[in-house]
Amino acid sequence: MKLNSLIAPMFLGAVTFQAYAQEASQECLQNISLMGTYSKQAAKTGDYSEAVAPFEYAYEHCPQAHKSIYINGASILRWQIKQAKDVATKTKYFDKMMKLYDDRIQYFSSSKQPDYYIMGRKAFDYIALVEETSHKATDPLKKQAYTMLNTSLKKGAEDNELSVFKQYYILSRGMFDSNKADSKLREQYVNDYLFLSDLLAKRVEAGAEADSLYDQFKGAIDYDFGASGAADCNQLNNVYSAQVDQHKSDEAWLNNVLKLYDMADCDGSTVYFKASKYLYDIKPSYTAANGLAAQAYNKKDMNGAITYYNKACELATSKSDKSNIMLKIAKIYYKQGNYAQVRSYAQKALSFNSNNGGAYMLIGNAYISSSNTISSDPFIQRTAYWAACDKFEKAKAVDPNCAAEANKSIAKFKQYFPDKKECFMRKISGTYHVPGWINENTTVR
């Protein structure tokens, strides 16, 4: 523990305590010193019993003396809650802890530890300990902590700790899951997702090295939100079909709506197309270009779709978005039977995200679909299945989400591998070069 948390009488003249030495009584300083000493020992032993009395004296008689009252006090109260044998006593200590955080905000909010940071810490303790108190019955979804975290995020925005983002999302999702038929909870969850997504994007754009964790979390909530069912096509159309024309000049609103439609995989909706066109007219962006590409695809204008997808890739700032766009173009070429372009764009997708298992799956399927074009010899044609299964193996290695599909494809197509006896007769073993446009080495099996 730092010296300034062990405030002994002999240090009354130290610079650290000049600000409050005149106000603080001798007893306050002694108790703060004892609290710090015993808390330091308790951090090793887990027993805060000796720290309780000096903490209570300092908190009651000199709450403005030193921030260690609040830092050590929170640890002491956590211990008291755990030691208490009945719910009423646990609740008493819990309520005292909540007030402790409020007082810390009042007396010791600073530029290094602003009020939103302290509020976040208060929410963490609420979440961790409320289950042991009587408040569990009145707040089973921990809505009070949700409100605290909402305050933290609105005040501190993208400067908040990652754990604040995580806990807020978990609570919001829990409320939605508690009653998915409740339209207000659904709307709240959707708005919370958009709120967090925007803040996380701003944090990532700042470019700090540690922000990669924020980027990973953004990807996680994108996936989770998409799987939640909160934004299905019918729900979105019911909400936004009557609003899109009214907001045709509102860039932020259009961006949010398109993000929701994209998450729900509703790229065939009239609302989606309208919002994309309105947004593109205001300002060409990745989101708008992606929507116009989907509209062109829906009209079977493949060239137009490819043009807009390339524009979307150019405007995208996220490598993950760029990778997904390249894969969409690759799928268009697959539909057209242009397998060389399929591989070319799938490889571009991998250049932006080496863990894009879908790109490897598509290359493997392209090899299988074009196997009869690499040679007139049926045996050589079947060697394409070796190369295809190489890609399926790679897909599940880099992307666990592709594992089930990859295993299914491997089991299906390995029955078409060249016959072992014929391989022996042709003196083929070890490494084999698959000819034609595939033009790559594989392993004989």
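Refer to the structure presented above.
Predicted model, so just to flag it, every value in this text is computed and none were measured. Numbers given to residues run from 1 along each chain, matching the order in which its sequence is written. A pLDDT threshold of at least 70 governs which residues receive local features in this predicted model, and a stricter bar of 80 or more applies before side-chain atom pairs are shown or counted, although totals over entire chains, interfaces and linings include all residues. Excluding hydrogens and water, the side-chain figures rest on all heavy atoms present in the structure.

*Asks:* Would you mind going over the overall build of the protein chain in detail, with residue names and values included?
*Replies:* Secondary structure elements follow DSSP: runs of H or I of four or more residues count as helices, runs of E of two or more count as strands, with numbering from the N terminus. Within the protein chain, the regular secondary structure consists of 21 helices and 2 strands. Taken over C-alpha atoms, the radius of gyration is set against a globule rule of 2.2 Å times the number of residues to the power 0.38. Rg of the C-alpha trace for the protein chain: 30 Å, well past the compact-globule value of 22 Å for 445 residues, more than 25% over. By its C-alpha atoms, the protein chain is 100 × 60 × 45 Å across when sized along the principal axes. Taking all 445 residues of the protein chain together, 47% fall into the buried category. Contacts are assigned to residue pairs with any non-hydrogen atoms lying within 4.5 Å of each other. Residue pairs in contact within the protein chain that sit at least 24 positions apart in sequence constitute 61% of those at least 6 positions apart. With the model as given, the accessible surface of the protein chain reaches about 22600 Å², and the carbon-plus-sulfur share is 50%. Residue exposure (1.4 Å probe, protein chains only): buried if accessible area is under 20% of the type maximum, exposed if over 50%, otherwise partly exposed. The Shrake-Rupley method, run with a 1.4 Å probe, gives the accessible areas here. Residue values count only the displayed protein chains as cover.

*Asks:* Residue-level account of the environment of I325, with values.
*Replies:* Its location among the elements puts I325 in helix α16 (residues 319-336). Between the C-alpha atom of I325 and that of Y345, which follows or precedes it by 20 residues, the distance is 9.3 Å. With near-sequence residues (within four places) excluded, I325 lies in contact with Y286, N290, Y309, A312 and C313.

*Asks:* Kindly report on the environment of G36, identifying the contributing residues and their values.
*Replies:* With respect to the element layout, G36 can be found in helix α1 (residues 26-45). For G36 and S68, which are 32 residues apart along the polypeptide, the C-alpha to C-alpha distance reads 7.4 Å.

*Asks:* Could you give an account of the environment of F124, naming the residues involved and the relevant values?
*Replies:* By secondary structure assignment, the location of F124 is in helix α5 (residues 115-129). For the pair F124 and N372, spaced 248 residues apart in sequence, the C-alpha separation works out to 61 Å. Here F124 is in contact with L149, E161, S163, V164 and Q167, once residues within four sequence places are set aside.

*Asks:* Now, about the side chain of S68: what can you tell me, with residues and values included?
*Replies:* Structurally, the position occupied by S68 is in helix α3 (residues 68-83). Among all residues touching S68, those that are not within four sequence positions of it are I32, M35 and G73.

*Asks:* Summarise the packing of aromatic side chains; cite the residues concerned and give the values.
*Replies:* Ring pairs shown here join Phe, Tyr and Trp side chains whose ring centres sit within 6.5 Å, with only the six-membered ring taken for Trp; geometry is labelled stacked below 30 degrees between planes, edge-to-face above 60, and tilted in between. Inspection of every chain in the model, using the stated rule, returns 23 aromatic pairs. On the numbers, 5.5 Å between centres and 70° between planes, the contact of Y367 with W437 is edge-to-face. Linking Y367 in helix α18 (residues 357-369) with W437 in the loop between β1 (431-434) and β2 (440-443), this pair joins segments that are 70 residues apart in sequence. Two conditions define a charge located above a ring, namely a distance within 6 Å from the ring centre to NZ of Lys or CZ of Arg, and an angle within 35 degrees of the ring normal. Seen from the ring of Y214, R203 lies directly overhead, with NZ or CZ sitting 4.0 Å from the centre. Across from the ring centre of Y345, 4.1 Å away, lies the NZ or CZ of K348, which sits over that ring.

*Asks:* Run through helix α10 (residues 212-228), naming residues and quoting values.
*Replies:* Relative to the 24 Å expected for 17 residues at 1.5 Å per residue, α10 spans 24 Å between its end C-alpha atoms, a close match to the ideal helical length. Listed as buried for α10 are Y214, F217, K218, I221, D222, F225 and S228. On an axial view of α10, the arc spanned by its buried residues comes to 145°, and they lie on one face. Facing away from the buried side of α10, by more than 90 degrees, are the exposed residues Q216, Y223 and A227. The elements touched by buried residues of α10 are α8 (162-178), α9 (183-205) and α12 (251-263). Positive phi shows up at G229, right after α10, with a value of about 85°. Helices are assigned an expected span. That span is 1.5 Å times one less than the residue count. In this description, the arc belongs to the directions extending from the helix axis to the C-beta atoms.

*Asks:* If you had to explain the pairing of β2 to someone new, which residues and values would you point to?
*Replies:* On β2, burial follows the alternation: E440 and T442 on one face are buried, whereas N441 and T443 on the facing-out side are not. One ladder, built from 4 bridges, connects β1 with β2; its direction is antiparallel. Bridge pairing in β2 places V434 opposite E440. Only strands joined by at least two bridges in the DSSP assignment are considered to pair. Counting the residues that bridge the hairpin from β1 to β2 gives 5 residues, and of these G436 lies at a positive phi of roughly 70°.

*Asks:* Pulling in residues and values, what's your account of the side chain of E440?
*Replies:* Within the secondary structure, E440 sits in strand β2. Among the residues examined, E440 registers a relative accessible area of 18% and is labelled buried.

*Asks:* Would you mind going over α18 in detail, with residue names and values included?
*Replies:* For α18, with 13 residues, the first-to-last C-alpha span of 19 Å sits near the 18 Å given by 1.5 Å per residue. Every buried residue belonging to α18 is among G357, G358, A359, Y360, M361, L362, I363, G364, A366, Y367 and I368, and all of these are buried. The inward-facing, buried residues of α18 abut α16, α17 (339-352), α19 (378-398), α20 (403-413) and β2.

*Asks:* Quick one: what's the story with the state of the cysteines, residue by residue and with numbers?
*Replies:* The disulfide criterion is simple: two cysteine sulfur atoms within 2.5 Å. Summed over all chains, the structure comprises 2 disulfides. In this model C28 forms its disulfide with C62; the gap between the sulfur atoms is 2.3 Å. One quick way to see it: the torsion about the S-S bond of C28 and C62 is about -115°, and its sign makes the bridge left-handed. Of the two residues, C28 is situated in helix α1 and C62 in the loop between α2 (49-61) and α3; the sequence distance between them amounts to 34 residues. In this structure, C28 and C62 share a single accessibility class: buried. With a sulfur-sulfur separation of 1.9 Å, C233 is cross-linked through a disulfide to C266. Note on the C233 and C266 pair: the S-S dihedral is about -105°, so by sign convention the disulfide is left-handed. Of the two residues, C233 is situated in helix α11 (residues 233-240) and C266 in the loop between α12 and α13 (270-282); the sequence distance between them amounts to 33 residues. Taken in N- to C-terminal order, the disulfide-linked cysteines of the protein chain are connected 1-2, 3-4. In this structure C389 is a free cysteine whose sulfur lies 14 Å from that of C423, the closest cysteine sulfur available.

*Asks:* Just give me the short version of unusual backbone geometry, but keep the residues and values in it.
*Replies:* A positive phi angle, near 65°, is found at K300, a position not held by glycine. Position of K300 among the secondary structure elements: in the loop between α14 (286-298) and α15 (302-315). Owing to a relative accessible area of 68%, K300 belongs among the exposed residues under this scheme. At N439, a residue that is not glycine, the phi angle is positive and equals roughly 50°. Note that N439 resides in the loop between β1 and β2.

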